[in-house]
2 protein chains.
Amino acid sequence: MKRFMEPESVAVIGATRKNGPNAYNLVENMLRFGYQGRVFPVNPQADKILGLKAFPRVGDIGQAIDLAVVNLPRDLVIQGIRECASVGIKAAIIVGQGFADADETGKVMQRDIVTIAKTNGMRILGPNTLGVLNAFRPFTTSFMPLSRKTAPVGVICQSGIFFVGSRKFSGMMGKGIDIGNASDIGFNEALTYLGEDPDIRVVAIHMEGVDQGRKFISLASRITCKKPVVVFKTGKSEAGARAAASHSGSMAGSYQIYQAALTQAGCTLVREDWQMRDAVRALLYLPPMKGNRIAVITVTGAGGIIATDALEKYGLTLAPLSRETLSPVASLSPPWMPLGNPLDIWPAVMKHGIQKVYPNALKALLTDPSVDGVLCINVAMNLPVYAFLDVSEELNNVVSGNKPVVAWLYGENSEGIGEKLEKEEKIITFPTIEEAAWALSILRKRQAYLERISRRE
Amino acid sequence: MKRFMEPESVAVIGATRKNGPNAYNLVENMLRFGYQGRVFPVNPQADKILGLKAFPRVGDIGQAIDLAVVNLPRDLVIQGIRECASVGIKAAIIVGQGFADADETGKVMQRDIVTIAKTNGMRILGPNTLGVLNAFRPFTTSFMPLSRKTAPVGVICQSGIFFVGSRKFSGMMGKGIDIGNASDIGFNEALTYLGEDPDIRVVAIHMEGVDQGRKFISLASRITCKKPVVVFKTGKSEAGARAAASHSGSMAGSYQIYQAALTQAGCTLVREDWQMRDAVRALLYLPPMKGNRIAVITVTGAGGIIATDALEKYGLTLAPLSRETLSPVASLSPPWMPLGNPLDIWPAVMKHGIQKVYPNALKALLTDPSVDGVLCINVAMNLPVYAFLDVSEELNNVVSGNKPVVAWLYGENSEGIGEKLEKEEKIITFPTIEEAAWALSILRKRQAYLERISRRE
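Some thoughts on the overall build of chain A
Of the regular secondary structure elements, chain A holds 17 helices and 20 strands. For chain A, the C-alpha atoms occupy an extent of roughly 85 × 50 × 40 Å along the three principal directions. The burial tally for chain A puts 57% of its 457 residues in the buried class. Across chain A, every contact between residues at least 6 apart in sequence was considered, and the portion connecting residues at least 24 apart equals 71%.

What follows is the structure in structure tokens.
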């Protein structure tokens, strides 16, 4: 995979002369992304492309090439791969569609390509792929612009949607491998690479179907001992499975079998499109959770009830809180205020100010051995005169990091205060209470898995 | 309710002399909100409050008062209500906590207050409430700052979180009634008011528990014939129900019973906190859906599969698409491209440009009698050179409004392009595919309900 992820030199076979709108010019995008290696555009109709000398054929380059990116119409791809093989190129990405994702002719072409590659010791990524992204040594073969943030999250996917839409899916992406139709390089090699990569702390996988299932599960079991692997398996429904078969030519198989095997291997399975980002953020920033007893601190009784419903839905329970744990809030609350879990601190806040109440409440909960994790609910106002309700810094000061603390904010400035709250990456906010509760539940599962495998060893 | 929602004159009993941070000064907030009526602060320690003459007691005002807002510590509230009654005030909002939401003493106090009110022909909103919000004739009794957007959405709730957090819950709020502990005015009067209010097109309700359940259901049945009523019933779990009993003193009751009765009455029931906003937006802007057959247009095969899974989850199916419907896309696609539903237009887009493909695809689907609704998936790029992928205007031009069209965008500029797409309020975007599918499902339920009641009549 190293040739694909950090090549010294790249030939782009079928580099387009157009650039700007509608060009989908991947050389332009590669340079914009900051690639520092040598780029050799190949196009018999061009002398120069974006200031780079263009070559009529790959054989004319006359220098060592780590990686070929083949961006040709499908009828020309086999010839292109043959030429790459003839000059000793050992790695090629085939961008275009129209192979196993299309008709019978395409399926045959894809098989032929793999045969040529195998005969010549060449590895193929794709077809039907944006290729790779590596923000750490800036390189991408995507013809769509991508973010270059060096996040410790590696993505393996079967569609460019997870590259271009990474903010909506994995939330962030420092390295990415789009295996596309997975004609040669598939999940196993991609996961081996990212699993062993010290830059990557969480791997997020989009999977339509996996061919070498047993091998993948055994590999995943090894990786998940060291770092979390989040899997979004699509094609769950019957109709979805049929669509997956047509899209990437994958055998989707029964979702129940995937679910059982992936869970057994310690993967964090996500079912809905919003969950991937939440899982990545929770597993990246928060510690696994030792038990399922949650304390909720809230400035609104109604919010506490919504949280209670959501926690129960995901198999978590409300921690019983001792008198000692409640005492910092009790001493500041009016005597008539019934206190429990959820812990409604609002009457105390009205009397003594939020700065005095909220951090002390959180500290007491985190100290209580019967509390495994905390969900904080707070209001986030826009108006400067209500800025005094922001306790982001104070809350961060009392979080040590051995128990997960998640937060949900409401009010016009939820995003702004959310950023402040997350600044130290100790408290993580979620856009809905549902998501905050779900995030805690996967941290619980992660810890249970780690305990299970440590008993086994 | 009119006295509460659009009073000509308001006495604020217990108006604070403080303002700015930590004051929670509701007179300050009322004036900032733009209230144009007369405000009489009552505070024996003040001569003036925010430039307004202050009165030692309500009896000293000597003018007709439509509404009293009682903002006193609980031990002083009964006396305050007595004084209001003695000068003939017929409507009072009791802001403070510490009544049925607190201890036995509080419960007794609340009963006494109601008795005094009934004896004097006075109506009570609260206790334990932010009161009301009316953006149309700007008025609020909230001590927290609120948005003044005149949205056609009315909110009834049992907690100020739905006022302050309206962006996260109902999404928007033009009028709001926080019934708090509902000691006197409850769901029925609030729903009657907003149900008949021509400014309000959708009512969104947060409900912990309702006392006069039968009456509410019969009332809701009448209102839902005319306008959608969205209900977020909390306290679903056993622990949640206990918490609800303590928060607003409500009897939460079995969620199954609520679910059956509310659904029968034609309410749109939401189970999770993110669903309220989606339901309101869908029901406000989109037409009810005549059947459950959905067409998906997508620029990514993987997105189509995720959509297929989500649609099936919510009881919707993929519409079978005729050759005629597919022909505008087929004629622009490479011959090898398999077309169906989800309709993957990407190869056609690459060949002919998105402007030529996407609007024609959408138009053909909307014309097909076997399609009841459409889900559009598109990419939303930030980089100006990729702005050509934005087809917001072109898509709006082909939507007539008799079938719902929802959209999901991915990419760095999802919010920006989303706003453009929604400009005419004909295509509504949702932050996740899950939400887009769920929104379509409630539009289906709405239509089924309307058909059921029209058959009955």
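Some points on helix α14 (residues 354-367) of chain A
Residue and element names in this part refer to chain A. With 14 residues, α14 should reach 20 Å at 1.5 Å per residue; the first-to-last C-alpha distance of 20 Å fits that figure. Among all positions in α14, only Ile354, Val357, Tyr358, Asn360, Ala361, Leu362, Ala364 and Leu365 are buried. Where α14 is buried, its residues touch β15 (293-298), α12 (323-330), β17 (343-344), α13 (346-352), β18 (373-379) and α15 (392-398).

Here's the deal with the interface of chain A and chain B
Facing 66 residues of chain A, the contacting portion of chain B comprises 66 residues. Among the secondary structure elements, those contributing two or more residues to the side of chain A that touches chain B are α4 (104-119), α5 (161-164), α8 (238-248), α11 (301-313) and α17 (433-456) of chain A. If you tally residues by element for the side of chain A that touches chain B, the top one is α11(A), at nine residues. Looking at the side of chain A that touches chain B, its residues break down into 28 nonpolar, 27 polar and eleven charged.

Focus on the packing of helix α6 (residues 187-196) of chain B against helix α7 (residues 213-224) of chain B
Residue and element names in this part refer to chain B. Here α6 crosses α7 at 10°, and the two axes come no closer than 10 Å. Judged by the inter-axis angle, α6 sits roughly parallel to α7. Contacts between α6 and α7 involve Phe187, Asn188, Leu191, Thr192 and Gly195 on the former and, on the latter, Lys215, Phe216, Leu219, Ala220 and Ile223.

Some details on the relation of the copies chain A and chain B
The two copies are related by a screw motion: chain A maps onto chain B through a turn of 180° and a shift of 0.0 Å along the axis, at an RMSD of 0.0 Å. Such a turn and shift between the copies fits a two-fold axis. In terms of C-alpha distance to the rotation axis, chain A has Pro431(A) as its closest residue, with the C-alpha 5.5 Å off the axis. Most of the interface of chain A is mirrored in chain B, where 98% of its interface residues are also at the interface.

Side note on the sheet that holds strand β6 (residues 91-94) of chain A
Residue and element names in this part refer to chain A. If you walk across this open sheet you meet the five strands as β2-β1-β5-β6-β7, and the pairing is parallel. The open sheet has two edge strands with one neighbour each: β2 (38-42) and β7 (123-125). Here the average twist between neighbouring strands, direction ignored, is 20°. As judged from the three bridges shared by strand β5 (residues 67-70) and β6, these two strands associate in the parallel manner. For Ala68, the partnering residue across the bridge sits in β6 and is Ala92. Taken strand by strand, helix α3 (residues 74-86) contacts β1 (9-13), β5 and β6, and its axis lies near 170° from that of β5.

Quick notes on the domain arrangement of chain A
The domains assigned to chain A are domain 1 (1-130), domain 2 (149-285) and domain 3 (288-454). Facing 17 residues of domain 1 of chain A, the contacting portion of domain 2 of chain A comprises 16 residues.

A few points about the pairing of strand β12 (residues 202-207) of chain B
Residues and elements named next belong to chain B. Of all six residues in β12, six are buried; the element is thus mostly enclosed. Residues Val202, Ala204 and His206 line one face of β12 and the alternating positions Val203, Ile205 and Met207 line the opposite face, and both faces are buried. Inspection of the sheet shows strand β10 (residues 153-157) paired to β12 by four bridges, in the parallel sense. The partner of Ile156 across the bridge, within β12, is Ile205. As paired elements, β12 and strand β13 (residues 229-233) share five bridges and run parallel to each other. Within β13, the position partnered with His206 by the bridge is Phe232.

A short note on the environment of Cys225(A)
Secondary-structure assignment places Cys225(A) in the loop between α7 (213-224) and β13 (229-233). Distance from Cys225(A) to Tyr449(A), taken between C-alpha atoms, is 8.6 Å for residues 224 residues apart in sequence.

Remarks on unusual backbone geometry
Looking along the chain, the bond that leaves Gly126(B) and enters Pro127(B) is cis, with omega of -5°. With an omega of 0°, the peptide bond between Asn341(B) and Pro342(B) qualifies as cis. Checked against the element boundaries, Pro342(B) lands in the loop between α12 (323-330) and β17 (343-344). The residue Leu50(A) is not glycine, and still its phi comes out positive at about 50°. Residue Asn128(B) is not a glycine yet carries a positive backbone phi of 70°. Summarising the element assignment, Asn128(B) is placed in the loop between β7 (123-125) and β8 (132-134). Look at Asn128(B) and you get buried, because 28 C-beta atoms sit within 10 Å.

Remarks on helix α10 (residues 275-285) of chain B
Most of α10(B) is tucked away: ten of the eleven residues are buried. Listed in full, the buried residues belonging to α10(B) are Gln275(B), Met276(B), Arg277(B), Asp278(B), Ala279(B), Val280(B), Arg281(B), Ala282(B), Leu283(B) and Leu284(B).

Here we look at the sheet that holds strand β2 (residues 38-42) of chain B
Residues and elements named next belong to chain B. Read across the open sheet, the five strands follow the order β2-β1-β5-β6-β7; overall the sheet is parallel. Bordering the open sheet on either side are β2 and β7, each of which pairs with just one other strand. Mean inter-strand twist for the sheet, computed between neighbouring axes without regard to direction, equals 20°. Pairing between strand β1 (residues 9-13) and strand β5 (residues 67-70): four bridges, direction parallel. Of the residues in β5, the one forming a bridge with Val10 is Leu67. Packed onto the sheet, helix α3 (residues 74-86) meets β1, β5 and β6 (91-94) and runs at close to 170° relative to β5.

Some thoughts on the environment of Val406(B)
Residue and element names in this part refer to chain B. Within the secondary structure layout, Val406 lies in strand β19 (residues 405-410). For the pair Val406 and Ala437, spaced 31 residues apart in the sequence, the C-alpha separation amounts to 8.4 Å. Setting aside anything within four residues of it in sequence, one finds Val406 in contact with Leu375, Ile428, Phe430, Ala436, Ala439 and Leu440.

Thoughts on the pairing of β13(B)
Residues and elements named next belong to chain B. Within β13, five of the five residues are buried, leaving the element largely enclosed by the surrounding structure. Going residue by residue along β13, you find Val229, Val231 and Lys233 tucked away on one face and Val230 and Phe232 tucked away on the opposite face as well. Crossover connection from β12 via α7 to parallel β13: handedness right-handed. Here β13 pairs with strand β14 (residues 268-270) via three bridges, running parallel. Along β14, the bridge assignment pairs Phe232 with Val270.

Looking at the packing of α3(B) against helix α4 (residues 104-119) of chain B
All names here are of chain B. In the contact formed by α3 and α4, the axes pass within 10 Å of each other and the chain directions differ by 0°. By the angle between their directions, the pair α3 and α4 is classed as roughly parallel. Residues Arg74, Val77, Ile78, Ile81, Arg82 and Ala85 of α3 form the contact with α4, whose participating residues are Gly106, Met109, Asp112, Ile113, Ile116 and Ala117. For the contact of α3 with α4, the class distribution of residues is eight nonpolar, one polar and three charged.

A short note on the environment of Ile257(A)
Residue and element names in this part refer to chain A. Locating Ile257 in the fold gives a position in helix α9 (residues 255-264). Classification of Ile257 by C-beta neighbours within 10 Å gives exposed; the count is 10. Sequence separation between Ile257 and Asn71 is 186 residues, and the spatial gap between their C-alpha atoms is 36 Å.

Calculation notes
Residues numbered from 1 in each chain as written. Chains lettered and ligands numbered in written order. Predicted model: local features only at pLDDT ≥ 70, side-chain atom pairs only at ≥ 80, totals over all residues. Helix = DSSP H or I, 4+ residues; strand = E, 2+ residues; numbered from the N terminus. Buried ≥ 20, exposed ≤ 12 C-beta atoms within 10 Å, placed from the backbone. Contact = placed C-beta atoms within 7 Å. Expected span 1.5 Å × (residues − 1). Nonpolar A, V, L, I, M, F, W, Y, C, P; charged D, E, K, R; others polar. Axes fitted to C-alpha atoms, helices over the stretch in contact; angles between N-to-C directions. Parallel < 35°, antiparallel > 145°, perpendicular 65-115°, else oblique. Least-squares fit on C-alpha atoms with pLDDT ≥ 70 in both. Pairing = 2+ DSSP bridges. Domains from an automatic or database assignment. Right-handed = clockwise from strand over helix to strand, strands pointing away.

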